[in-house]
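One letter stands for each residue in the lines below.
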Amino acid sequence: MTDEWNPNVELAASPNDPGCEAVFRQQHEYVDALLASAEPSQVYPGVESHLLSCPACREDYLGLIDAAERFAPAHPADSFADPDP
Amino acid sequence: MTRARARLSVEAQRDDASIAWVNGLQATGSAHEECVVALHALLLRVARHEVARRAGSLQLGGPELEDVAQQATDDAIMAIRRRVTEFRGESRFTTWAFRFVIFEVSTKMGRHFWRERRAVWDEDAWERLPSGLADSPELRVEQRELFSTLRRAIDVDLTPLQRRVFVAIALNEVPMDAFARELGVNRNALYKTLFDARRKLRTSLLAAGHSRPYPISATR
């Protein structure tokens, strides 16, 4: 436990929270909407609630945003050889 | 479907690269194999980047990280080939595909957590919930009462499984995928237990006169 322990975060339990599996099914839509500046929290309010209270899905979401920005767009005809494997 | 969601879907469907990925994965012969090879190479780069992003807390070395990246990529490719017909064009194909490899990285890195942390597992972390951290005397009193009630609720109101999950995830900061593996359940089932524990604790706090937002220090 760290000094940052915050009961408002650690006790978050929104009735809109659809759970990990449902969020996994929509996470890619949420991320692309966010990258398109389309305010995904209005379109996917349940995803937003879940990401605020599930540390595992939040970490996946951060990784997915990073990957979507860094490695896409990509076309199958492109070369993906890693320059520094 | 809302107007905003429909617009996003239409924009994604216009994405030529996404169409090429799906066509390649659903093709036969060399066109299919070339697409799989390209996707594997792309996902491996994503996996390597993701394991590096997460590696700091696990103290894993280069060969172990590369092994996680390779395994995550192989498993993600299998899942994507099996589920490509589920891609509806609501996002770019690559974003849809990347979540599989990121999920696999998360799951596989959870396996390594206990090798470093089992020795410091703290069953009694909840007994040391912070107290008196707020700035003003009034807030300090309120916060002390809040954590006293919370400690009692964790001990009395939660089931043994809920207490074990809440202590691990919320107090000991054990990664959920690591703890799900320890319990032999999937992430969703573990989160449901955590969610129910949180809801029960909030009910206990409310019954004792503590409503959200709970007092926290402004200086921390």
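Note that the coordinates shown come from a computational prediction; the quantities given were computed from them, not determined experimentally.

**Notes on the state of the cysteines**
Residue and element names in this part refer to chain A.
Thought 1: A full pass over the atoms with the stated rule returns zero disulfides over all chains.
Thought 2: With no disulfide of its own, Cys-20 lies closest to Cys-57 among cysteine sulfurs, the gap being 3.8 Å.
Thought 3: For Cys-20, a relative accessible area of 5% corresponds to the buried category.
Thought 4: Lacking any disulfide linkage, Cys-54 is separated from the closest cysteine sulfur, that of Cys-57, by 3.7 Å.
Thought 5: With relative accessibility at 0%, the residue Cys-54 sits in the buried group.

**Looking at the pattern of salt bridges**
Thought 1: Within the structure shown, the criterion is met by 14 salt bridges over all chains.
Thought 2: Asp32(A) is paired through a salt bridge with Arg92(B); the nearest N and O atoms lie 3.1 Å apart. Of this pair, Asp32(A) sits in helix H2 (residues 20-35) while Arg92(B) is found in the loop between helix H4 (62-83) and helix H5 (93-117), placing the two residues in two different chains. Of the two residues examined, Asp32(A) and Arg92(B), each falls in the buried class.
Thought 3: Put simply, Asp196(B) and Lys192(B) hold a salt bridge, and the shortest N to O gap is 2.9 Å.

**A word on the interface of chain B and chain A**
Think of interface size as the accessible area that goes away when the parts come together; that is how it is often given.
Thought 1: Listed per partner, the contact involves 61 residues of chain B and 58 residues of chain A.
Thought 2: With both sides pooled, the region where chain B packs onto chain A buries about 5200 Å², and carbon together with sulfur makes up 62% of that total.
Thought 3: At the boundary of chain B with chain A, the tally comes to four salt bridges.
Thought 4: Summed over the shared surface of chain B and chain A, the result is 19 residue pairs in polar contact (both at pLDDT 80 or more).

**As for the layout of surface pockets**
One way to see where empty space is left: roll a probe the size of a water molecule over the atoms.
Thought 1: Estimates place the volume of the second largest pocket at around 410 Å³.
Thought 2: Surrounding the second largest pocket, 21 residues form its lining, Phe103(B), Thr107(B), Asp177(B), Asn186(B) and Arg187(B) being those nearest its centre.
Thought 3: Mapped by element, the contributors of at least two residues to the lining of the second largest pocket are H2 and helix H5 (55-71) of chain A together with H4, H5, helix H8 (176-183) and helix H9 (187-207) of chain B.
Thought 4: Sorting elements by how many residues they give to the lining of the second largest pocket places H5(B) first, with five residues.
Thought 5: A class-by-class count of the residues in the lining of the second largest pocket yields eight nonpolar, four polar and nine charged.
Thought 6: When residues of the lining of the second largest pocket are assigned to domains, at least three map to each of domain 1 (3-116) and domain 2 (123-218) of chain B.

**A few points about the packing of aromatic side chains**
Residues and elements named next belong to chain B.
Thought 1: Across all of its chains, the model carries 10 aromatic pairs over all chains by this definition.
Thought 2: When the centroid spacing of 6.0 Å and the interplanar angle of 20° are considered together, the rings of Trp-21 and Phe-93 count as stacked. You can see Trp-21 sitting in helix H2 (residues 16-26) and its partner Phe-93 sitting in helix H5, a full 72 residues away along the chain.
Thought 3: Note on Trp-21: relative accessible area 0%, which makes it buried.

**Some details on the packing of H2(B) against helix H3 (residues 29-54) of chain B**
Residues and elements named next belong to chain B.
Thought 1: Orientation of H2 relative to H3, taken along the N-to-C sense of each, is 125°, at an axis distance of 7 Å. Considered as vectors, H2 and H3 are oriented oblique to each other. Relative to H3, H2 is oriented so that their crossing is left-handed. Between H2 and H3, the contacting residues are Trp-21, Gly-24 and Leu-25 on the first element and Ala-31, His-32, Cys-35, Val-36, Ala-38, Leu-39 and Leu-42 on the second.
Thought 2: By residue class, the composition of the contact of H2 with H3 is eight nonpolar, two polar and no charged.

**What to know about the nonpolar core**
All names here are of chain B.
Thought 1: Ranked by size, the top nonpolar core spans 88 residues in total, and within it Trp-21, Ile-80, Phe-93, Phe-98 and Phe-166 carry the most contacts.
Thought 2: Among the elements that line this core, the one with the most residues is H5, at 11 residues.
Thought 3: Each of domain 1 (3-116) and domain 2 (123-218) gives at least three residues to this core.
Thought 4: For Ile-80, the contacting residues outside a window of four places in its chain are Leu-25, Leu-39, Leu-43, Phe-93, Trp-96, Ala-97 and Phe-100.

**Examining the environment of Glu142(B)**
Residue and element names in this part refer to chain B.
Thought 1: Mapped onto the secondary structure, Glu-142 falls in helix H6 (residues 137-156).
Thought 2: Linking Glu-142 and Ala-38, residues 104 residues apart in sequence, is a C-alpha distance of 59 Å.
Thought 3: Beyond its immediate chain neighbours, meaning those up to four positions away, Glu-142 contacts His-210 and Pro-215.

**Examining the domain arrangement of chain B**
Residue and element names in this part refer to chain B.
Thought 1: Each assigned domain of chain B is listed with its residue range as follows: domain 1 (3-116) and domain 2 (123-218).
Thought 2: In this assembly, seven residues from domain 1 lie in contact with eight residues from domain 2.
Thought 3: Of the roughly 670 Å² buried at the junction of domain 1 and domain 2 (both faces included), carbon and sulfur atoms supply 66%.
Thought 4: Three residues stand out in domain 1 for area buried against domain 2, namely Arg-111, Phe-113 and Trp-114, and they jointly supply 62% of the buried area on that side.
Thought 5: In this assembly, domain 1 and domain 2 are joined by zero salt bridges.
Thought 6: Of the residues assigned to the side of domain 1 that touches domain 2, the class counts are three nonpolar, three polar and one charged.

Conventions we followed
Residues numbered from 1 in each chain as written. Chains lettered and ligands numbered in written order. Predicted model: local features only at pLDDT ≥ 70, side-chain atom pairs only at ≥ 80, totals over all residues. Heavy atoms only, no water. Disulfide = S-S within 2.5 Å. Buried < 20%, exposed > 50% of the residue type's maximum accessible area, 1.4 Å probe, protein only. Salt bridge = Lys/Arg side-chain N within 4 Å of Asp/Glu carboxyl O. Helix = DSSP H or I, 4+ residues; strand = E, 2+ residues; numbered from the N terminus. Contact = heavy atoms within 4.5 Å. Buried area = accessible area lost by both parts, 1.4 Å probe. Polar contact = N/O pair within 3.5 Å; in protein donor to acceptor, adjacent residues only side chain to side chain. 1 Å grid on protein atoms, 1.4 Å probe; cavity = no way out; pocket = protein on both sides within 12 Å on 5 of 7 lines; lining within 4 Å. Points joined across faces, edges and corners; volume = space filled by probe spheres on them. Nonpolar A, V, L, I, M, F, W, Y, C, P; charged D, E, K, R; others polar. Domains from an automatic or database assignment. Phe/Tyr/Trp six-rings, centres within 6.5 Å; stacked < 30°, edge-to-face > 60°. Axes fitted to C-alpha atoms, helices over the stretch in contact; angles between N-to-C directions. Parallel < 35°, antiparallel > 145°, perpendicular 65-115°, else oblique. Left-handed = near helix turned anticlockwise from the far one by under 90°. Core = buried A, V, L, I, M, F, W, Y, C linked by side-chain atoms within 4.5 Å.

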